[in-house]
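Given next are the chains, with one letter for each unit.
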Amino acid sequence: MNLDRIQIKPRLRNAWEAIDLGFVMARTWWQSLMLVWLVPALVVFTVLSLLLPDNNLIAFMLTWWLKPLFDRAPLYIASRRLFGASVGVIETFRILHKLYRTDMLAWLIWRRLSLTRSFDMPITVLENLKGERRNQRLFVLHQHTSNAATWLTIVCVNMEMTIVFGILGLAVLMVPEQSDFHVMSFYTDGGNLASFVINACSFVAMALVAPFYTMAGFALYINRRISLEAWDIEIRFRHMAEKFKKHIFSSAAVLVLLLGLVFQCVPQSVMADELPGLMPEESTTMIKEVLEGEEFHNQ
């Protein structure tokens, strides 16, 4: 983690500003974040739909349940790009098994329905903390932030539902009134095909919201670390140190140049006259006299 290459302005933000920052990061890296989330999720959803043609709802629910795993790849990319590292989609795909394997059962069982999931995920993916250390870290990070992380989850769930109803409603509006095809009747009486269409719309909504949800939680995590570890102050001190070094080097160069000019301008004979030499015996005697003086024996 190189703070000198951080891609955002590290300053103290409130939780809602941090969420806005996460949305900005999601828009900036949208293509990569969407690909690393969508490809594994689409493979799982397609395979389950083919294996369970009469139970499309189960296929979708299983895919939805695996969201904590799919969210890890976008988080990995963002955590590297935030500090100036170049991480691509192909490189991320190569380490997916490592990202998914870390603390997998816990996230798919008792942590699955956590309302602060996006905020807590970096502790597992980026810090690799488990057990008591993870609980202590959560206790510190959740102060002043858990409320915003909870509301982030609630709002994103509602956004997914809004997108699903929007897509289904748009289909109703796009069918001409003169047509014999009734979309609402298809939704209610269409059987497995209608169920697959509704689940596919739900999957699209989930994929559209996922990068923003993940990045907003990551931004909350980064904002909390800036607050706890004073990244903004550290970076300012580093900049001040760099400027100080530059001034020191320039001042030293000027001083050396001036001394060189002085020694060039002063005749060697004058310098020799002004600096008379002493014999070693005379120097030793003078040093002893100074050391035996009263100034060196005051108590």
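Here, the structure is the one placed above.
Residues numbered from 1 in each chain as written. Predicted model: local features only at pLDDT ≥ 70, side-chain atom pairs only at ≥ 80, totals over all residues. Heavy atoms only, no water.

(A) How the structure looks around unusual backbone geometry. Of note, the phi angle at Asp103 is positive, near 55°, even though the residue is not glycine. Relative to the helices and strands, Asp103 is located in the loop between α7 (96–101) and α8 (104–108). Using a relative accessible area of 17% as the deciding quantity, one classes Asp103 as buried. In the Ramachandran plot, Asn128 falls in the positive-phi region, its phi being about 55° despite a non-glycine side chain. Mapping Asn128 onto the fold places it in the loop between α9 (117–125) and α10 (131–141). The exposure class assigned to Asn128 is partly exposed, which follows from its relative accessible area of 49%. (Helix = DSSP H or I, 4+ residues; strand = E, 2+ residues; numbered from the N terminus. Buried < 20%, exposed > 50% of the residue type's maximum accessible area, 1.4 Å probe, protein only.)

(B) Summary view of the pattern of salt bridges. Counted under the stated rule, the structure contains 7 salt bridges. Across the pair Glu17 and Arg11 runs a salt bridge, and its minimum N-O distance is 3.7 Å. The salt bridge involving Glu127 is made with Arg137; its shortest N-O contact spans 3.1 Å. Linking Glu127 in the loop between α9 and α10 with Arg137 in helix α10, this pair joins segments that are 10 residues apart in sequence. For Arg137, a relative accessible area of 19% translates into the label buried. A single salt-bridge network, built from bridges that share partners, covers Glu127, Arg137, Arg225 and Glu229. (Salt bridge = Lys/Arg side-chain N within 4 Å of Asp/Glu carboxyl O.)

(C) The arrangement of the nonpolar core in detail. Formed by 58 residues in total, the largest nonpolar core has its most connected members in Leu82, Phe218 and Leu220. Ranked by the residues each element gives to this core, the list is headed by helix α13 (residues 191–229), at 14 residues. One finds Leu168, Val183, Ala194 and Cys201 within the second-largest nonpolar core, a separate group that totals 8 residues. (Core = buried A, V, L, I, M, F, W, Y, C linked by side-chain atoms within 4.5 Å.)

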